[in-house]
Amino acid sequence: MMKSSTNVEQHLLLPHCVYRAHRVWWVHLGSSLSVFLGGLLVLLLLKSSRFGLNSVGTALPGWRCKRQQKVIWCVFQGVSANVSLSSALQEWAVKVISAQHLSGQILMVIFFCFNTGSFLLYLLETAKPVEYCMKEHDVSLLTELAFNMVHLLHFGLRFLAAQDVLQVWVEMKSLVDFFTIPHSFITLFSRRAWLGLRFLRALNVLELPLILQILGLLRSNTSLKLSRLIAILVATLLTSAGFIHLLENSGDPWLEVRNSVPLSYFECIYFLIVTMTSVGYGDVHAFTVLGRLYVTLFIALGLGIFATYVPEVVEIIINRERFSGRYKDVDKLHVVVCGHITLASVSAFMREFFHEDRGEVNIRVLFMGNFCPDQELEAFFNRWFMNVSFYQGSVLKRKDQERVMMHKASACLILCDRYATDQHNEDVTNLMRVISIKQYCPNTRVIVQMLKHNSKAYLQNVSNWEWSRGDDVICLAELKLGFMAQSCLVPGLSTLLTNLFSMQGAVEVKDESWRSLYKEGIYKEIYTEYLSSAFTGLSFAQASKLCFLKLNLTLIGIEHQSGKEDFCVLVNPPSHIRIKKKTLGFLIASDAADAHRASFYCSVCHRDIADISRMKPCKCENVTIASSSLLSLSARQPSLGVLTSWKEAESDGYVSELESEDVMLDSTGMFHWCNPIALDDVSLTRESAFVLPLNQHVVVCLFGDEGSSLLGLGDFMMPLRASSLTTPELKTVVFLGDPNYFRREWPHIQYFPKIYFLPGSPLCTADLRALRVESCAMCVVLSTFSNPKHVESSMQDKETILSCVNLFHTRFSREATRAQGLPGRRSSYGYPGPRLPEASQPPPSKGTTVPLLVELVNTSNVQFVSNVEEFKSSATMTLTQAFAVGSVFCMDLLDSLMAATFFNANVPNLINTLVTGGDTPALEAQLAEDNHLREGTMSLRLSTLRQRSKLAQLPLDDEPLHSLRCITYEDLFVQALDSLEILCFGLYRLLDPPNPSMKRFVITTPPGDLSLEPADRVFCSVPFHQSHLLVRRRPQAPEPTRPTDEPQGC
């Protein structure tokens, strides 16, 4: 242990020492306290006097200066006369020291340097005693005085620029000045130096991050945060060491015998570091009572600060090393994925991108997000370290784009937050990412997810956005509602299309039940390949039969080129269109290897090969062998599913007699249109709804309220009002929900015919009975829930599930429909429109199952609308019975489209052709201009635009398929193409008995040897000129129905 000093230090007994043998540290400390407390008292008195004068003036408006108040009034007048001068000085001081001006920034750097110099002088002075006598003024004292004059100037500028001088007086910078400046003047006159509280200048380290930011050395948020944390730690350590040094070297002032210990400043720093790390060697410790008391406080407070900040600093430093690098592998293809990066979105993307059915994918995925990944996300990246890297940054910054070599990336994929509360803001954020990428890397392909349909229109105005380069947008809300709308026309179609556009992989089949047939079809997907020269000159029907019979593939469409640069996707095109050389075909196959056979098939070499697995590329000339992956980036067609030139169709005699049908179309020719009608004219009551001749209609249940996000019901109505549908095929649509919500949706759908609205609740059985939901073609339940992040997963679909339960267990007793009309809605089709052919069928019996299509936010909630035990045994939602029969849909099922679009640039065009009913650039331009459809003038051009194939579902025991007398699916496929030009691609078959509810499941592209059943229904594509086949029916008995006492399920 170190020896304590005597009562009086020897250096205080020197002859030149003033007040020899006495310590006068209290004079230095008292000067600082008197300046601070005295000034504080003056400021409080001035503030109180001003408050008193204002109170008197408010209470006595006519108050004037009187003789006894003359002094006070004159002072008040003098202050008022100087208001303008004070304001001018204040404005000048603000401009001088404000960091928003260059002069202020320069002064801040200068003042920081002087503060640092003062602290360095303190470090030099710590080698001397805490208090000592000066024979004459030395250089250190004069330097300190000069620095303190600068500090005093800085304090004066801050005080002059302050809005609240009292607040400036008690702030930390001012307190440091009060306890460091006055005692230097005491030293000047008394020649008695005291080290005092000059170590408080160490708190100036807290200003270091701001100074570095002004100098341009800190630019990222991470660097700024790191510098602030380090500054707090260093300032705490240096200031605490100064306190320990002062207390230990001064000793306890109340003792007669001094107990001071000569500790150096660096020994104090060492002592505190050992203390806060909980090591406690004991070689240095506090001896004085005051020192031990301060150490106690430091352990209680300072140790908590260090324990909190040190791990955070270490984590930032480690993460900066891991996630702030650059991608340097120029020899390997890579893609950049940014936007909404979460564990759920990343895992879904990776599952589809590297699916085994795609074969070997030698592409590295670089995820970029402006955050540090949490432990779960980091663990996921570590599992995929061979294929994935994460970089912390933002694509809005050019330097971050350079880090991931954006200009050399195969594509940049931007993911969106589909549960965002503010959907417009989410789309605008992704739009800004597109603009930034296209500005710095104009040739990089961009695929972006968006939520709202009208957000797509803004992309047309983005510079360097080129459809021909493969740039594309996936609108989730549009596709979700399009899938569900098509299922209203073709029950089960949403399940079939989802299975085709997502990678499921082969599943193990353990039984011979309906599940075996369903599971055989779910691992078939759509691929694109350039058809070999063996297909050149064939009609589509001939090419499709060749693929089906020889290659075990289903050709559903082609990319047709009508000009040099005009392309369009045609599904089941008419017979006058011939396959050209290097035509891109859309094929349904089990994997990419099977689909690739269409690119090298040779009619000479492969004609007699029975085992297609032995089929290899031959050496014949003029045989096209090319994969379409990442190659088919042709110019985007001006229309989808129709011929790009209507003159071509006319010249070939492709003019249907249906063109003479009296219809009104919009200006794009893609949709049925009517004059906009007020919402009140289509609003119903229960009584008026009951007398409507509603049968085979569509009931849409909405749970939105006045504050809910809009679903965009225009996207739902477009497929239901596609111009390819004839007037008898248009189903009446009745919406049920909150009028405050529907009023916000109405302007976007008011120009579609045959729409009604019933104010009410989908949970109200009386409202459902009024709409005759028991006789509808489909009852759709849409969810407006948009923020499931802070809600329990089971509660995200509570209203939807309650609606299902209500419909499952409600018994409907029907009466004959009264064919009465209501005054109100008018349209070009009359009121309420032509009766559909199905309306002539006898009304179903009591208790018939309501055909349901339910949207779920969370896929796990399918357990509430499906068998619980079945859900437990199923790995995913796609393997449940509820999904197999086409009763549920979830936006999560669309995650696969980003990866599918990257590998096949024409997939979005095919989806738009099959699902949206006519999403064309002309439509997008129209919606971008005024977000409304306009009336079109009927012409040969608009009539020709209607002539595109449509998806339908035909019963096998009814015309036109009944007359074919087919036994197997191969017979049906071939004869339907030969005789009717109808392309079949699936079956809708009844579940295994007992099946009292007569539910059906989807069989996607069945094998050719599958035996047909009389009750089967066929998914098919029907050319427009064969639309008359959809209304030709032979009389038949209604399907058996379940007993009324049987419980219903989805």
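Residues numbered from 1 in each chain as written. Predicted model: local features only at pLDDT ≥ 70, side-chain atom pairs only at ≥ 80, totals over all residues. Heavy atoms only, no water.

Q: An account of the confidence of the model for the protein chain is requested, with residue identities and associated values reported.
A: Confidence in the prediction for the protein chain averages 80 pLDDT; 80% of positions are at 70 or higher. The low-confidence segment residues 63-76 (pLDDT under 50) makes eight contacts with residues lying over four places distant or belonging to another chain. Segment residues 1034-1050 is flagged for pLDDT under 50; beyond a separation of four residues in sequence, or across chains, it makes 46 contacts in the model. (pLDDT = per-residue confidence, 0-100. Contact = heavy atoms within 4.5 Å.)

Q: With reference to specific residues and values, describe the environment of Leu215.
A: Along the polypeptide, Leu215 turns up in the loop between helix H9 (208-214) and helix H10 (221-250). Since its relative accessible area comes to 49%, Leu215 is described here as partly exposed. Remark: the alpha-carbon pair of Leu215 and Gln105, spanning 110 residues in sequence, is separated by 8.9 Å. (Helix = DSSP H or I, 4+ residues; strand = E, 2+ residues; numbered from the N terminus. Buried < 20%, exposed > 50% of the residue type's maximum accessible area, 1.4 Å probe, protein only.)

Q: So what about the UniProt feature "transmembrane region" (unreviewed entry) in the protein chain? Which residues, and what values?
A: Those places that UniProt annotates as "transmembrane region" (unreviewed entry) correspond, in this numbering, to residues 25-46, 102-124, 230-247, 263-281 and 293-310. Here residues 263-281 runs as 63% helix and 0% strand, with 16 Å between its end C-alpha atoms. A helix fraction of 100% and a strand fraction of 0% characterise residues 293-310, whose end C-alpha atoms lie 25 Å from each other. (UniProt positions renumbered as here; feature names shortened; annotations may be inferred.)

Q: How would you explain the sheet that holds strand S10 (residues 554-561) if you had to name every residue and give the values?
A: Taken in spatial order, the four strands make up an open sheet running S9-S12-S10-S11, and their pairing is antiparallel. Pairing within the sheet leaves two strands with one partner each, and these edge strands are strand S9 (525-530) and strand S11 (567-571). Neighbour-to-neighbour, the strand axes of the sheet open up by a mean angle of 25°, direction not taken into account. The pairing of S10 with strand S12 (residues 584-589) spans five bridges and is antiparallel. Each residue of the ladder has a partner; that of Thr554, found in S12, is Ile588. Contacting S10 and S12, helix H20 (residues 540-550) runs over the sheet at an angle of about 140° to S10. (Pairing = 2+ DSSP bridges. Axes fitted to C-alpha atoms, helices over the stretch in contact; angles between N-to-C directions.)

Q: Any details on the packing of helix H5 (residues 139-161) against helix H8 (residues 182-190)? Residues and values, ideally.
A: Remark: H5 packs on H8, axes separated minimally by 10 Å, with the N-to-C direction vectors making an angle of 145°. For H5 against H8, the interelement crossing comes out left-handed. Between H5 and H8, the residues in contact are Leu141, Glu144, Leu145, Asn148 and Met149 and His183, Ser184, Phe185, Thr187 and Leu188, respectively. Considering only residue class, the contact of H5 with H8 consists of five nonpolar, four polar and one charged. (Left-handed = near helix turned anticlockwise from the far one by under 90°. Nonpolar A, V, L, I, M, F, W, Y, C, P; charged D, E, K, R; others polar.)

Q: Tell me about helix H28 (residues 798-809), and please be specific about residues and values.
A: A rise of 1.5 Å per residue sets the reference length of H28, with its twelve residues, at 16 Å; its end C-alpha atoms lie 17 Å apart and thus fit the reference within 8%. On its buried face, H28 sits against helix H27 (765-770), strand S16 (778-782) and strand S17 (852-856). (Expected span 1.5 Å × (residues − 1).)

Q: Let's hear about the pairing of strand S14 (residues 733-737): which residues, and what values?
A: The buried fraction of S14 is high, at five of five residues. Side chains of S14 alternate between two faces, with Val733, Phe735 and Gly737 and Val734 and Leu736 buried alike. Both strand S13 (residues 698-702) and S14 contribute to a ladder of four bridges, which runs parallel. Across the sheet, Cys701 pairs through a bridge with Leu736, a residue of S14. Remark: the S13/helix H25 (residues 713-720)/S14 crossover connection has right-handed handedness. (Right-handed = clockwise from strand over helix to strand, strands pointing away.)

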